[in-house]
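# A look at the structure
Take a look at the letters that make up each chain.
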Amino acid sequence: MADSGTHTAITEGPRAWHAMASAEVEDVLGSGPGGLGAAEVERRRQQCGPNQLADQPPTPPLVVLARQFRSPLIYILLAATVVTVLLEEYLDASVIAVVLALNAVIGFTQERKAEGAVRALMGLVVPRARVVRDGQEWEVDSRELVPGDVVLLEPGARVPADLRLVAANALGVDESLLTGESLPVTKRTGPVAERVPLADRVNMAYTGSVVTTGRGRGVVVATGAATELGAIAGMIRAEEAPETPLQRRMGEFAKLVGVAVGVSAVVAFVTGVARGGRAEEMFLTAVALAVAAIPEGLPVVFTVTLALGVRRMARRNAIVRRLPAVETLGSTTVIGSDKTGTLTQNRMTVQRVWAAGQEYTVDDGGVCLAADGTPAPVRDGTPLHLTLLAGVLANEAEVYRTADGLQFTGDPTEAALLVPAIGSGIEPDEVREALPSFAEVPFEPERRYSASVRDRHGAHTVYAKGAPERLAGLCSHMAGPSGPVPIDPAAVHAAARHLAARGLRVLAMAYRELPRPLAGPQDVGEPEAMVFLGMQAMMDPPRPGVREAVATCHGAGVRVAMITGDHAITAAAIARDLGIGDPDGHVVTGTELDAMDDETLRAEAQHVNVYARVSPEGKLRIVRALEANGEVVAVTGDGVNDAPALKAAAIGVAMGRSGTDVAREAADMVLADDNFVSITAAVEEGRVAFDNVRKVTFFLVSTGAATIVAILVGVWAGWPLLMLPAQLLWLNLVTNGLQDVALAFEPGEKGVLQRPPRRPGEGVLSRLLWERVLLAGLVMAAGTLALFRWELDRGGTLAQAQTVALSTMVVFMAFHVGNARSEAVSLFRLSPVSNPFLFVAAVAALAVHVAALYLPPTQYVLRVEPIGADAWARIVAVAATVLVAVEAHKAFRARRPVRRPAGPRAHR
């Protein structure tokens, strides 16, 4: 053991501990079987610090709150608030202030939650650990561990630090949260190659992983931030959550609106003064015009629309943690999906059984089916029966029958072997009771098989399962239809290769009736002259509906890539089955990935769809390469190893059932059912949400444009003011306060998932909608100006003309909100009751305005007068022209062909 005089260098930087012999590791760290001495432990603790992840202090709340006001649209709203207060329009000022407060609260809450991702890692550091110090076993606080400490591992224990194993007895460790490996890893102590990926370092045990079977001893080689878990925490801290496509589009749109409104207000003021208007009056008009034109209702509708999307997604098992993620899924061009538990069921299942040269398919109920699809007879003593029986007897898993069906405990591989046996009428409890265990031979990597010696009335029979090539070498005969025949190793190896090529994990079964009973369990040696019975091949099968969901994604122009920590053959087989893999079955492994520079990876990422044995850093590099290629990337994951990529992606999707707290905290969305099918449903809802944001934006911008054009033309023509400042603000309140919010409730249109994703560079409004903004704005402005001039020319007062102009614009907007319901479908093909909120809002807006014209208080405030039935008839007739114009534009654009990508982007 190390004493107080030892001065081992323990901070020389990272080492390839897995490539060193265990004795060398102990020598470098000044450790040994007896562990460290108390004085040396204290010295190293002072040098290395506690074994815990550094918890960065949270960002001060005021700083987080201030960040919520750094948006161009927010700047416009702040300016609008100041202006409306100066104009003493306190109602408008209050509405805008509520918008600002709501936006700040939502952003503040989201950002504070994001900081919880790193803190969730703290829950993976175990509170206690068993160590050897001064030659004695102790139980200590895991935070007190130092490099060189000797740690003891047992089933159920969580590994407290990164360990180099020096002893392993049937030791199995679940490393799925770090590597994505679907099965526990059997550990050994010999050195491995230096450049192997994390998942293949079988002589290491990493912080946070869980011991499933066996026992072991390891020397601590890294603690705290120096562990692999600490490295992931560092990546999470360093990785900034990217701006979502909608946030980016809204920022650009806000700048455009700000410039347009500002220029229009200045032009109105300068022109009005130049035409002889009073400077004070023209200033108020310019300010009112700016406030009326700014779509300050957009943040409210933006929030409402996304909140509705959150609710719809929750009904489809997708829980959104960050509001902008709703729309981001609709913009997604690539989904980088984890395999285990997302694309697959996270449950090992026997798929094929091979016995006596015959191959059988196993259905979902565990029944073995012959080549013609009928249940195969499983008679006692036949090769098929003996193969299934050996899978039960050389097995420590247990099965329980519950109200929810069969429940299993034990190793997932061994549990899988019980299902076809039960499906064929073999009851595990009954056969184990009839043939009680006399001795057990546990699986060891060097041995490559496990065995059980069973007793029957004093006679002993050995049942074994293991690697096909290993068991075949221990057999002299193989089961045949009429009894044992000399073994044909070539036939066995060919059948095993055939099964493995499908991505199946193959286990062989053999047995031998011993010529005489064993004296005791210690007499069990390596069996020989056994009878090779058959093989069972298993895999974690795809989830139901995933193949169809992947096809739906391809039809929607969304590419699906598999990024897994599992083996390449398994990944390729699952990808091929689901329609993800390339036609040539190309898979990039973690080792190949590490050898690529960033430029090479970017080129590969354009066409590679399957990545296997990928480390956390590798997954993060893949995401960055895809984003560098202009893709909008959604990433799924459940483990700690996935957290950096989940945070870096445009949208991170964590698993709700099997996922770790770290993954859920780093993600934007959580799948309640861990099912890829729910992602496809969420993509659909995301597209609907963006469509509704776009519809509201089109409505607000086109009505704002109409107001600006009408006022400016009136000023340039030297006419009296078309509308007073109070009337402009009223127009803004009536149209924005009801109808734009109601548009957020518009149901999704048909064929949402049959169109390609939006181009990443495309703005909130498409080129088509900008055309329609110009058309509708000009029509509404022209109609308003025409009726205003009509009233003046026929001898009406200026107040009457202004009332008509205001009312004309209100009715125009009531009609035009119907135009905004669909970008391509005619209004007359849409049911008015499919969005009852919109119908009620439009009627309510008109009713409020009509009441304002005939009530004395509002007449006084707005300076309006009642108008007659003939004026209303003219207003309705003129306002209906906006329907004709937009319907004509829809029909014209429908004749022009829409360019779509040729085939799914997944195989470009």
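Values in this document were obtained by computation on a predicted structure and should not be read as measured data. (Residues numbered from 1 in each chain as written. Predicted model: local features only at pLDDT ≥ 70, side-chain atom pairs only at ≥ 80, totals over all residues. Heavy atoms only, no water.)

## What about the overall build of the protein chain?
Counting its regular elements, the protein chain contains 32 helices and 27 strands. Looking at the protein chain as a whole, 55% of its 908 residues are labelled buried. In the protein chain, once contacts between residues fewer than 6 apart in sequence are set aside, the share between residues at least 24 apart is 73%. Of the roughly 37200 Å² that the protein chain leaves accessible, carbon and sulfur atoms contribute 58%. (Helix = DSSP H or I, 4+ residues; strand = E, 2+ residues; numbered from the N terminus. Buried < 20%, exposed > 50% of the residue type's maximum accessible area, 1.4 Å probe, protein only. Contact = heavy atoms within 4.5 Å. Areas by Shrake-Rupley, 256 points an atom, 1.4 Å probe, with all protein chains shown as cover.)

## Let's talk about empty space enclosed by the protein
Applying the stated criterion across every chain, the model contains five cavities of 30 Å³ or more. Along its surface, the second largest cavity is lined by 12 residues, and Gly 565, Val 614, Lys 619, Asn 641 and Asp 642 are the ones closest to its centre. For the lining of the second largest cavity, the class distribution of residues is three nonpolar, six polar and three charged. (1 Å grid on protein atoms, 1.4 Å probe; cavity = no way out; pocket = protein on both sides within 12 Å on 5 of 7 lines; lining within 4 Å. Points joined across faces, edges and corners; volume = space filled by probe spheres on them. Nonpolar A, V, L, I, M, F, W, Y, C, P; charged D, E, K, R; others polar.)

## Notes on the packing of helix H13 (residues 383-393) against helix H14 (residues 412-423)
For the pair H13 and H14, the least separation of the axes is 9 Å and the interaxial angle reads 135°. Of the possible angle classes, the one that applies to H13 and H14 is oblique. You can see that H13 and H14 cross each other, and the crossing is left-handed. The residues of H14 that touch H13, namely those facing Leu 388, Gly 391 and Val 392, are Leu 417, Leu 418, Pro 420 and Ala 421. (Axes fitted to C-alpha atoms, helices over the stretch in contact; angles between N-to-C directions. Parallel < 35°, antiparallel > 145°, perpendicular 65-115°, else oblique. Left-handed = near helix turned anticlockwise from the far one by under 90°.)

## A short note on the side chain of Ser 822
Locating Ser 822 in the fold gives a position in the loop between helix H28 (798-819) and helix H29 (836-854). A polar contact of 3.0 Å, which involves the side chain of Ser 822, links it to the side chain of Glu 749. Sequence-distant contacts of Ser 822, that is, excluding residues within four places in its chain, are made with Lys 695, Glu 749, Arg 772, Leu 830 and Lys 890. (Polar contact = N/O pair within 3.5 Å; in protein donor to acceptor, adjacent residues only side chain to side chain.)

## As for the pattern of salt bridges
A side chain of one charge can pair with a side chain of the opposite charge if their charged atoms are brought near each other. Counting across every chain of the model gives 33 salt bridges. Where Arg 44 meets Glu 40, a salt bridge forms, and the shortest distance between an N and an O atom there is 2.6 Å. Taken together, the positions of Arg 44 and Glu 40, both in helix H2 (residues 38-48) and four residues apart, correspond to about one turn of that helix. Taken individually, Arg 44 and Glu 40 each receive the classification buried, so the pair is uniform in this respect. Between Lys 465 and Glu 414 there is a salt bridge; the shortest N-O distance is 2.7 Å. Separated by 51 residues along the polypeptide, Lys 465 in strand E17 (residues 459-466) and Glu 414 in helix H14 bring together distant segments of the chain. Judged by relative accessible area, which is 6%, Lys 465 ranks as buried. Using a relative accessible area of 13% as the deciding quantity, one classes Glu 414 as buried. Each of Arg 130, Glu 137, Glu 154 and Arg 215 takes part in a single network of salt bridges with overlapping partners. (Salt bridge = Lys/Arg side-chain N within 4 Å of Asp/Glu carboxyl O.)

## A word on the confidence of the model for the protein chain
When pLDDT is averaged along the protein chain, the result is 84; 86% of the residues meet or exceed 70. This model gives residues 121-126 a pLDDT under 50, and the stretch forms 19 contacts once residues within four places in sequence are excluded. Across residues 897-908, where pLDDT falls below 50, the model places 26 contacts with residues more than four positions away in sequence or in other chains. (pLDDT = per-residue confidence, 0-100.)

## With respect to helix H18 (residues 546-555)
Taken residue by residue, H18 has Val 546, Ala 549, Val 550, Cys 553 and His 554 as its buried positions. Across the axial projection of H18, the buried residues extend over an arc of 145°, all falling on one side. Looking at the buried side of H18, the elements it contacts are strand E9 (334-337), strand E22 (559-563), helix H19 (568-578) and helix H25 (676-716). Two residues or fewer after H18 comes Gly 557, characterised by a positive phi angle close to 80°. (Arc of directions from axis to C-beta.)

## Looking at H14
For H14, with 12 residues, the first-to-last C-alpha span of 17 Å sits near the 16 Å given by 1.5 Å per residue. Burial analysis of H14 places nine of its 12 residues in the buried class, the great majority of the element. Inspection of H14 places Thr 413, Glu 414, Ala 415, Ala 416, Leu 417, Leu 418, Pro 420, Ala 421 and Ile 422 among the buried residues, and these make up the whole buried set. The backbone nitrogen of Thr 413 has a side-chain oxygen 2.8 Å away, supplied by the residue at the start of H14, namely Asp 411. A positive backbone phi angle near 95° is found at Gly 425, which sits one or two residues after H14. (Expected span 1.5 Å × (residues − 1).)

## Considerations on unusual backbone geometry
Leaving glycine out, the prevailing phi sign among residues is negative, and the prevailing peptide bond configuration is trans. In this model, Ala 529 sits at a positive phi of 50°, which is unusual for a non-glycine residue. Tracing the backbone through its elements, the reader meets Ala 529 in the loop between strand E20 (505-513) and strand E21 (530-539). Within the chain, Asp 674 stands out as a residue other than glycine whose phi angle is a positive 55°. By the secondary structure assignment, Asp 674 is in the loop between strand E27 (669-671) and H25. On the accessibility criterion, Asp 674 (3% relative accessible area) is buried.

## Here's the deal with the environment of Ser 209
Its place among the elements puts Ser 209 in the loop between strand E6 (204-205) and strand E7 (210-222). The class of Ser 209 is buried, set by a relative accessible area of 0%. With residues up to four places along the chain from it excluded, the contact list for Ser 209 reads Ala 157, Arg 158, Val 159, Val 173, Asp 174, Glu 175 and Leu 177. Among the polar contacts made by the side chain of Ser 209, one reaches the main-chain carbonyl oxygen of Tyr 206 at a distance of 2.5 Å.

## Describing the sheet that holds strand E26 (residues 651-655)
Pairing within the open sheet is mixed, and its eight strands lie in the order E8-E27-E26-E25-E9-E22-E24-E23. Unpaired on one side and paired on the other, strand E8 (318-320) and strand E23 (588-589) mark the two borders of the sheet. Contacting E22, E23 and strand E24 (610-612), H19 crosses the sheet at an angle of about 155° to E24. (Pairing = 2+ DSSP bridges.)

## Examining the packing of aromatic side chains
Throughout the structure, instances matching the rule amount to three aromatic pairs. Positioned over the ring face of Trp 719 is Arg 789, at 5.0 Å from the centre of the ring. (Phe/Tyr/Trp six-rings, centres within 6.5 Å; stacked < 30°, edge-to-face > 60°. Lys NZ or Arg CZ within 6 Å of the ring centre and 35° of its normal.)

## Some details on the pairing of strand E13 (residues 398-402)
Where E13 meets strand E14 (residues 405-409), five bridges bridge the pair, whose relative direction is antiparallel. Its bridge partner being in E14, Val 399 is matched across the sheet by Phe 408. Between the antiparallel neighbours E13 and E14 lie two residues.

## Overview of the packing of H25 against H28
Close contact between H25 and H28 brings their axes to 11 Å; oriented N to C, the two are set at 155°. Between H25 and H28, the angle falls in the class roughly antiparallel. Pair H25 / H28 crosses with right-handed handedness. Contacts from Phe 698, Phe 699, Ser 702, Thr 703, Ala 706, Thr 707 and Ala 710 of H25 reach H28 at Met 809, Met 813, His 816 and Val 817. Class assignment for the residues of the contact of H25 with H28 results in seven nonpolar, four polar and no charged.

## Observations regarding a nonpolar patch on the surface
Together, Phe 839, Val 840 and Val 843 make up an exposed nonpolar region whose accessible area comes to about 300 Å². Within the secondary structure, Val 843 is located in helix H29. Note on Val 843: relative accessible area 45%, which makes it partly exposed. (Patch = residues over 30% accessible without salt bridge, like charges linked within 9 Å, V, L, I, M, F, W, Y side chains within 5 Å.)

## Looking at the side chain of Thr 680
Note that Thr 680 resides in helix H25. Relative accessible area serves as the criterion here: at 7%, Thr 680 is assigned to the buried category. Look past the residues within four positions of Thr 680 in its chain and what remains in contact with it is Ala 549, Thr 552, Cys 553 and Leu 753.

## Some details on the environment of Ala 648
By the element assignment, Ala 648 lies in helix H23 (residues 643-648). Placed 413 residues apart in sequence, Ala 648 and Met 235 show a C-alpha to C-alpha distance of 9.6 Å.

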